[in-house]
Number of protein chains: 2
Amino acid sequence: MNFCSQCGEKVRFAVPAGDDRPRYLCDACGTIHYQNPRIVAGTLPVMGSKVLLCKRAITPRKGHWTLPAGYMENAETTRQAATRETWEEACADVTLGDLYTLIDLPHINQVYMIFRAELVGGFSAGPESLEVALFEEHEIPWDILAFPTIERTLKHYYADRKCAYYPLHISTITPEDRERYLGSA
Amino acid sequence: MNFCSQCGEKVRFAVPAGDDRPRYLCDACGTIHYQNPRIVAGTLPVMGSKVLLCKRAITPRKGHWTLPAGYMENAETTRQAATRETWEEACADVTLGDLYTLIDLPHINQVYMIFRAELVGGFSAGPESLEVALFEEHEIPWDILAFPTIERTLKHYYADRKCAYYPLHISTITPEDRERYLGSA
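Report follows, based on the coordinates. All residue numbers here refer to positions counted from 1 along the written sequence of the relevant chain. Chain labels run from A onward and ligand labels from 1 onward, assigned in the order the entries are written. Where totals are concerned, whole chains, interfaces and linings use all residues; where local detail is concerned, this predicted model gives features only for residues with pLDDT of at least 70, and gives and counts side-chain atom pairs only at 80 or more. To obtain the side-chain values, all non-hydrogen atoms of the structure were used and water was disregarded.

Attention now moves to the interface of chain A and chain B. Interface extent is often summarised as the accessible area lost during association of the parts. Contacts: residue pairs with any heavy atoms within 4.5 Å of one another. At the junction of the two partners, chain A supplies 39 residues and chain B supplies 39 residues. Buried area: the accessible area, evaluated with a 1.4 Å probe, that two parts lose upon being put together, summed over both parts. Between chain A and chain B, roughly 3,200 Å² of surface is buried when both sides are summed, and carbon and sulfur atoms account for 52% of that area. Salt bridges are defined as contacts in which a side-chain nitrogen from Lys or Arg sits within 4 Å of a carboxyl oxygen from Asp or Glu. In this structure, the connection of chain A to chain B is made through four salt bridges. B:Arg23 is paired through a salt bridge with A:Glu73; the nearest N and O atoms lie 2.6 Å apart. Any pair of N or O atoms that falls within 3.5 Å is considered a polar contact. Within protein, one atom must be able to donate a hydrogen and the other to accept it, and sequence-neighbouring residues count only if both atoms are side-chain atoms. Put simply, chain A and chain B have 16 residue pairs in polar contact (both at pLDDT 80 or more) between them. Elements are defined by DSSP. Helices are runs of H or I of four residues or more, strands are runs of E of two residues or more, and each kind is numbered from the N terminus. Among the elements of the structure, strand S4 (38-47), helix H1 (78-90), strand S8 (93-105), strand S9 (110-120) and strand S11 (169-172) of chain A are those that each provide at least two residues to the side of chain A that touches chain B. Of all the elements, H1(A) adds the most residues to the side of chain A that touches chain B, at four residues. Each residue is assigned to one of three groups, with Ala, Val, Leu, Ile, Met, Phe, Trp, Tyr, Cys and Pro labelled nonpolar, Asp, Glu, Lys and Arg labelled charged, and all others, Gly among them, labelled polar. When the residues that make up the side of chain A that touches chain B are grouped by side-chain class, the tally is 18 nonpolar, eleven polar and ten charged.

On to unusual backbone geometry, then. Omega for the peptide link from A:Thr59 to A:Pro60 comes to -5°, which places this bond in the cis form. Phi angles above zero are rare outside glycine, and A:Ala75 is one such case at about 70°. Examined against the element boundaries, A:Ala75 turns out to sit in the loop between strand S7 (69-71) and H1. Working definition: with a 1.4 Å probe on protein chains only, accessible area under 20% of the residue-type maximum means buried, over 50% means exposed, and in between means partly exposed. The exposed category is assigned to A:Ala75, whose relative accessible area is 57%. You will see that B:Ala164, though not glycine, has its phi angle at about 55°, which is positive. Note that B:Ala164 resides in the loop between helix H2 (148-161) and strand S11 (169-172). On the basis of relative accessibility, which here comes to 58%, the residue B:Ala164 falls in the exposed class.

In this section: the packing of helix H2 (residues 148-161) of chain A against helix H3 (residues 175-182) of chain A. Residue and element names in this part refer to chain A. Viewed as axis vectors pointing N to C, H2 and H3 meet at an angle of 90°, and their least axial separation amounts to 10 Å. Regarding the angle of H2 to H3, the classification is roughly perpendicular. Each of Pro 148, Glu 151 and Arg 152 in H2 lies in contact with H3, whose residues at this interface are Asp 177, Arg 178, Tyr 181 and Leu 182. In terms of residue class, the contact of H2 with H3 is built from three nonpolar, no polar and four charged. Helix axes are fitted to C-alpha atoms over the stretch in contact, other axes to C-alpha atoms as well, and angles between N-to-C directions run from 0 to 180 degrees. Angle categories are assigned with fixed cut-offs, so that under 35 degrees is roughly parallel, over 145 is roughly antiparallel, 65 to 115 is roughly perpendicular, and the rest are oblique.

A separate point is the relation of the copies chain A and chain B. Two copies of a chain can be linked by a rotation about an axis combined with a shift along that same axis. In this comparison the copies share one frame, found by least squares on the C-alpha atoms of residues holding pLDDT of at least 70 in both. Here chain A sits on chain B after a turn of 180° about the axis and a move of 0.0 Å along it, with an RMSD of 0.0 Å. Both copies of the chain, as the preceding transformation shows, are related through a two-fold rotation axis.

The subject of this paragraph is helix H3 (residues 175-182) of chain B. All names here are of chain B. Within the sequence span of H3, burial applies to Asp 177, Tyr 181 and Leu 182. Angular distribution of buried residues about the axis of H3 spans 110°; they occupy a single face of the element. Of the exposed residues in H3, the ones pointing more than 90 degrees away from its buried face are Glu 179 and Arg 180. The elements touched by buried residues of H3 are H2 and S11. Note on H3: the residue one or two positions beyond its end, Gly 183, has a positive phi of about 60°. Picture the helix axis, draw a direction to every C-beta atom, and the arc is the one those directions span.

Moving on, we get to the sheet that holds strand S1 (residues 12-14) of chain A. Residue and element names in this part refer to chain A. Here the rule is simple: two strands pair whenever DSSP picks up at least two bridges between them. Pairing in this open sheet of three strands is antiparallel, and the strands run S1-S2-S3 from one edge to the other. Pairing within the sheet leaves two strands with one partner each, and these edge strands are S1 and strand S3 (32-33). Both strand S2 (residues 23-25) and S3 contribute to a ladder of two bridges, which runs antiparallel. Paired with Tyr 24 across the bridge in S3 is His 33.

Okay, here's the thing in structure tokens:
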């Protein structure tokens, strides 16, 4: 951020009076520009024993497999965001279940929220996907999943499926976790 | 938003190519300015049979009672945000429990995330609180709670406490709910 989005003057990065962390400040109009984490909402769509994955058609991680998920938009709920992303990426209708994984990524200011979901009817690749397919557990392309959040959610799912009990899992992915996972990608 | 925070030129509000909703666009440098909901993280701090509430020292809803909660910051986790807000507003250390209410407010682009918590030791009013106190159920100031999210979380708590079972409650507060609650405030 270089300029004030309200008045167009230059901003500076400093701790405002009464605050304890630096913000982008506009001395011309007095606006303090707060920046906050974004929610990535998505689903784990299941049909029988199979899970739906999407091969990404866009960067980052183009060509890698992911669960349908994306940035929550203003004016929608978390459940609407998860359903919308599933429709956009996989042209798939789902019946949404419980919130299943909530994963903080503080180093990139994201919070993942993945809901369990039952696939209703067909699917096909949306504009952001190269391919969409159903996978049995032994077919999951573990080596070419897009993000550590996706790997972690799938691992929870296959562990929990053994006892058919799917509690909410809250966890954090650190820069080290992410680097180990993504390498130089 | 009137100006591009990257280059300082005027922005326009229009649907970008390949998108399906309007964004603030900068024709000068090509930046698309996405805007997303913010997370309000907080706790329901309990000591024995009592709940900790804070009387707000700041607008909105100055003088009304709330659970400690506030905007999640970049570079922290949801659990850290909830713990930090409890410290800032009530100078209270807590042992965090499970996520308890997740409440979408799509008309104001907020997602509340309130965690159950056990109060550890003392408390006092932080700079954003006029007063902090413990309440038995019959003492809760229902008529002067700050926000419908707080009323809803407390109602879930007292209903669930009867059977000592506290599942995650996901719900939405609509503009009508909010207006009914806040009136002209």
